[in-house]
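# Structural characterization, general
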Amino acid sequence: MVADGSGDGSVDLGDQAVQRGAGGETHQVAGDGVPVLTTAQGVPVADDQNTLRVGARGPALLEDAHFREKIFHFDHERIPERVVHARGYGAHGYFELYESLSDVTRADLFARAGERTEVFVRFSTVAGNKGSADLARDVRGFAVKFYTREGNWDLVGNNIPVFFIQDAIKFPDLIHAAKQEPDRGFPQAQTAHDNFWDFVSLSPESTHMLMWIMSDRTIPRSFRFMEGFGVHTFRLVDAQGRSTYVKFHWKPKDGLQSVVWNEAVKLNGADPDFHRRDLWDAIESGSFPEWELGMQLFDDEFADRFDFDVLDPTKIIPEELLPVRRVGRLVLDRVVDNFFAETEQVAFCTQNVVPGIDFTDDPLLQGRNFSYLDTQLKRLGSPNFTQLPVNAPRSAVDNFQQDGHMAYRHRRGRANYEPNSWGAAGGPREDPARGFTTFPAEVAGPKRRIRPESFADHYSQARQFFLSQTVVERKHIADAFVFELSKCDEEPIRSRMVAGLRNVDEDLAQTVADGLGMPLPDALPAARPTRTDLPVSPALSILQNGPTSLSGRKLGVLVSDGTDASLASAVREAAEAQGMTVEIVAPTVGGVSLSDGGRLAGDQKVDGGPSVLYDTVAVLASAEGAALLAKLPAARDFVTDAYAHCKIVGYVPDAAALFDAAGLTPLMDDGFVALADPAAVPAFLDRASQLRHWERQLQPA
Ligand code: HDE
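Given the structure is predicted, the values throughout are model-derived calculations rather than measurements. (Residues numbered from 1 in each chain as written. Predicted model: local features only at pLDDT ≥ 70, side-chain atom pairs only at ≥ 80, totals over all residues.)

## Notes on the overall build of the protein chain
Definition in use: Note on conventions: DSSP H or I runs of at least 4 residues are helices, E runs of at least 2 residues are strands, and numbering of each starts at the N terminus. Whether a residue is buried, exposed or partly exposed follows from its count of other C-beta atoms within 10 Å of its own C-beta, namely 20 or more, 12 or fewer, or something in between, respectively; the C-beta atoms are built from the backbone.
Within the protein chain, the regular secondary structure consists of 19 helices and 21 strands. Reported as C-alpha extents along the three principal axes, the dimensions of the protein chain are approximately 90 × 75 × 55 Å. With 701 residues in all, the protein chain has 41% of them scored as buried.

Right, here's the structure in full:
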């Protein structure tokens, strides 16, 4: 074994040295300082271009151990993708506590104000395969692993606070129905097909979730602008053993934002990695994404008087009824070193809780506690997945579990069982005072396969959600139902779904029926009548909880030769000062010559930089440049899409030829802001901070 004796991380071995890399890994280094390629056995490789063969033209020899080892390893590179949430993206960061929560929990990570706990977070879509596109209309996973001083806590949540089903036994059916149909293997990464709508229209309990997934919650602008939820009711337990119920929330610092459906469709083509690139770019540029952890805390008395069963995962507790206490912040400040090692191999398990956090009898949660551990064994191939760096607790692990595939960690000494009589050398012992203890909830009753009566109201909160949306958001929900159901070939499925919507809201059902060109069917029989007295909850709307600044948003600036140099730099400086990222979109990526003779490099060629990539756009072309851009379909699409997606458009009057060619001149409304000179830039950005000019969607067709 080579020791590090030099103090600078390298050791001389004659003409060969060993050096330690940034990650602590060692390299053999040749005389010129370049790391030497080796086999997996550490043998230096002389030729990695040619297999060993007889003569110049073969045949190849089985003796070529380097070739066989290299291909063997390659053949085994893939592991099974996650059965759901296959496509995801992760990052490292920390959680920082605002104030001690020892009044409600003994969990160590919630004990000391200001203390930071390391975290790893993985965001995901649910239905698509690993290679699907980021902007699929889908629920987003929001899974957080806290590496606390008393072990790992995994809060495996979604960006929607309710779920489709009330009992874990229905999960395989739900997922089978949502994913690609088994005979044809499509459609991928979308619920717009018969099987999905067949299942959910036969499962009224999914109605509340359907309202959420048909809303713009399922097409977020990026991970940074979405909320997260633990969904189930959990328990916190304090040092005296007292229990408090809790629902967990993640609130994005920069507000909520989604894209519109037509934009999502185009984004999937323009940049299928839109969300993962956004997260990577934000962290790499030092603009660290941030959320606050919120808790809705309540006791048995509240649970008993609440309108719905707090164990039912298809229900929320409105924030207006039970405020969210913000207890700390989550900051993502480090991208992964290696996607596979970390994002793919991270293994979240809902059963991973720490002393002071406990489960309730939510039947979905109970089922999940089995499923996650089980699936990790299938996916990662060994019970020793907990030893992988991304999964390993930062607190010491000491027990008598041993061996198995890829066992890396082991105990020294003779004792591998307990109790034993080897004294201190005999290894770890239980600690009743510090150890995890289950909250001793009282349970009684006959064993039966039954759904509780208290879970029977499937429509009241679906209606409450719908009525809590703005007019624009309600329109998006209706449009989404029409789009998805139009992709169902079977008329009875479409009809049954609309019949269910009549129990939510008559106007919604009528709009969807009209959009599908079908008569309004009779309402589905409901187990419970829909309550019409639930107050609206503004917290459920994206648009009412949108950004308060331009921080984290992106501006695309379309330029041409002759673009006004001082205006271009004024726009960039002012936008960057407000925390925006600016990209220059040019006829060629080589850039343009500015009015003052200087060059401005392009970040995107206009064909590869459509306006869907940006929150706001500015067209700063010269008159001559605009005439040339007017001939490019991609440039015309740039402005027509910006208009259609209700974006704020800054423009110079010189660019008129482009707007003319795109047919936009008669449509230029308040969402278009003239940038006659640099003095107009603040007004443009002020308007841009509202992100969209929704009035365009409200005009009668
Ligand atoms: Fe999951 N879910 N789930 N789920 N889930 C998985 O575990 C499961 C549910 C969620 O980034 C799987 O490691 C069952 C609700 C996220 O690695 C699997 C049920 C919520 C992730 C599994 C549910 C989630 C998963 C697949 C119904 C929101 C991705 C791969 C009882 C609170 C974690 C894996 C990551 C992943 C089972 C329902 C969130 C099979 C049985 C509700 C964010 O174990």
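Still more ground to cover, so stick around.
## Considerations on the sheet that holds strand E18 (residues 604–605)
The condition is simple: Here, a strand pair is defined by DSSP locating no fewer than two bridges between the strands. By definition, residues are in contact whenever their C-beta atoms, placed on the basis of the backbone, come within 7 Å of each other. Helix axes use the C-alpha atoms of the stretch in contact, all axes being lines fitted to C-alpha atoms, and the angles between their N-to-C directions lie in the range 0 to 180 degrees.
Spatially, the 6 strands line up as an open sheet ordered E18-E15-E14-E19-E20-E21, and their pairing is parallel. Unpaired on one side and paired on the other, E18 and strand E21 (672–674) mark the two borders of the sheet. Looking at chain direction, strand E15 (residues 581–586) and E18 are connected through 2 bridges and run parallel. Within the sheet, the bridge partner assigned to alanine 586 lies in E18 and is lysine 605. Sheet strands touched by helix H16 (residues 633–644): strand E14 (554–558), strand E19 (616–619) and strand E20 (649–651). Its angle to E20, the strand with the most contacts, is close to 130°.

## Concerning the UniProt feature "binding site: heme" (unreviewed entry) in the protein chain
Put simply, the rule is: UniProt positions are given in the numbering used here, feature names are shortened, and annotations may be inferred rather than shown by experiment.
Under the local residue numbering, the UniProt record ascribes the feature "binding site: heme" (unreviewed entry) to Arg82, Arg122, Phe171, Arg368, Tyr372 and Arg379. Inspection of the secondary structure puts phenylalanine 171 in helix H2 (residues 171–178). For phenylalanine 171, a count of 18 C-beta atoms within 10 Å translates into the label partly exposed. When neighbours within four sequence positions are excluded, phenylalanine 171 is seen to be in contact with Ile165 and Gly367. With residues near it in sequence (within four places) discarded, tyrosine 372 still touches Phe348, Cys349, Thr350 and Gln351.

## Some words on the site of the ligand
Put simply, the rule is: In this analysis, residues qualify as near a molecule or strand once their C-beta atom, positioned from backbone atoms, comes within 6 Å of it. Asp, Glu, Lys and Arg are counted as charged, while Ala, Val, Leu, Ile, Met, Phe, Trp, Tyr, Cys and Pro are counted as nonpolar; the rest, among them Gly, fall into the polar class.
With respect to spatial proximity, 23 residues lie near the ligand, and among them Arg82, His85, Gly141, Ala168 and Val231 are the closest. Those elements that provide at least two residues to the shell around the ligand are strand E5 (116–125), strand E6 (140–148), strand E7 (151–158) and helix H9 (363–380). Counting residues per element, the shell around the ligand draws most heavily on H9, at 6 residues. In terms of residue class, the shell around the ligand is built from 11 nonpolar, 9 polar and 3 charged.

## Overview of the nonpolar core
Heads up, the condition is: Remark: nonpolar core denotes a set of buried Ala, Val, Leu, Ile, Met, Phe, Trp, Tyr and Cys residues whose joining runs through C-beta atoms within 7 Å.
Judged by nonpolar contacts, the single largest core of 156 residues is most densely connected at Val557, Leu558, Val619, Leu620, Val639 and Leu658. Once residues lying within four places of it in the same chain are set aside, the contact partners of leucine 658 are Val619, Ala621, Ala626, Leu629, Ala630, Ala635 and Val639.

## Overview of helix H5 (residues 261–270)
Residues of H5 that are buried include every one of Glu263, Ala264, Lys266 and Leu267, and no others. Where H5 is buried, its residues contact helix H6 (274–284) and H16.

## A few points about the packing of helix H11 (residues 471–486) against helix H13 (residues 506–516)
Which entries qualify depends on this criterion: Working rule for angles: under 35 degrees goes down as roughly parallel, over 145 as roughly antiparallel, 65 to 115 as roughly perpendicular, anything else as oblique. Take the far helix as your reference; a near helix turned counterclockwise from it by less than a right angle gives a left-handed crossing, and one turned clockwise gives a right-handed crossing.
Their axes nearest at 9 Å, the elements H11 and H13 cross at an angle of 40°. By the angle between their directions, the pair H11 and H13 is classed as oblique. Note that H11 runs across H13; the crossing there is right-handed. Packed against H11, whose contacting residues are Ala478, Phe481, Val482, Leu485 and Ser486, the element H13 presents Leu508, Thr511, Val512, Gly515 and Leu516 at the interface. Along the lines of polarity and charge, the residues of the contact of H11 with H13 split into 7 nonpolar, 3 polar and no charged.

## Some thoughts on unusual backbone geometry
Excluding glycine, a negative phi dihedral is what most residues carry, and trans is how most peptide bonds are arranged. Residue proline 59 is reached from glycine 58 by a cis peptide bond, and omega for that bond is 5°. At the junction of glutamate 418 and proline 419, the peptide bond is cis and its omega measures out at 10° in the coordinates. You can see proline 419 is positioned in the loop between H9 and helix H10 (460–467). With a phi close to 65°, cysteine 646 is a non-glycine residue in the positive phi region. Note on placement: cysteine 646 falls in the loop between H16 and E20. When the 18 C-beta atoms within 10 Å are taken as the criterion, cysteine 646 is described as partly exposed.

## Concerning the pairing of strand E9 (residues 234–237)
Summarising the sheet, E9 and strand E10 (residues 243–252) pair through 4 bridges and their orientation is antiparallel. Directly across from arginine 235, in E10, lies its bridge partner tyrosine 245. Here E9 pairs with strand E13 (residues 357–358) via 2 bridges, running antiparallel. The residue of E13 that forms the bridge with arginine 235 is aspartate 358.

## A short note on the environment of leucine 62
By the element assignment, leucine 62 lies in the loop between strand E3 (26–29) and helix H1 (65–75). Under the C-beta neighbour-count criterion, leucine 62 is labelled exposed, with 9 such atoms within 10 Å. Counting along the chain gives 100 residues from leucine 62 to valine 162, while the straight-line C-alpha distance between them is 57 Å.

## What about the UniProt feature "active site" (unreviewed entry) in the protein chain?
The sites that UniProt annotates as "active site" (unreviewed entry) are His85 and Asn158. Spanning 74 residues, the named residues nonetheless gather at one spot, since no C-alpha pair among them exceeds 10.5 Å. If you trace the backbone, histidine 85 turns up in the loop between H1 and strand E4 (88–97). On the basis of neighbour count, histidine 85 is assigned to the buried category, with 23 C-beta atoms found within 10 Å. Relative to the helices and strands, asparagine 158 is located in strand E7. Dropping the residues within four chain positions of it, asparagine 158 is found in contact with Val139, Arg140, Gly141, Phe142, Phe229 and Val231.

## Notes on helix H12 (residues 491–501)
An α-helix turns once per 3.6 residues; consequently, residues spaced three or four apart project the same way. Residues Ile493, Arg494, Ser495, Met497, Val498, Gly500 and Leu501 constitute the buried set of H12. Taken together, the buried residues of H12 touch helix H3 (194–201), helix H4 (207–213), H11 and H13.

## Digging into the pairing of E14
Stated formally: Throughout, right-handed denotes a crossover for which the path from the first strand over the helix to the second runs clockwise when the strands point away from the viewer.
Within E14, 4 of the 5 residues are buried, which leaves the element mostly enclosed by the surrounding structure. Note that the unit made of E14, helix H14 (residues 565–577) and E15 has a crossover that is right-handed.

## A word on the environment of glycine 328
Mapped onto the fold, glycine 328 is located in strand E12 (residues 325–335). For glycine 328 and proline 182, which are 146 residues apart along the polypeptide, the C-alpha to C-alpha distance reads 44 Å. For glycine 328, the contacting residues outside a window of four places in its chain are Phe95, Glu96, Leu97, Tyr98 and Leu293.

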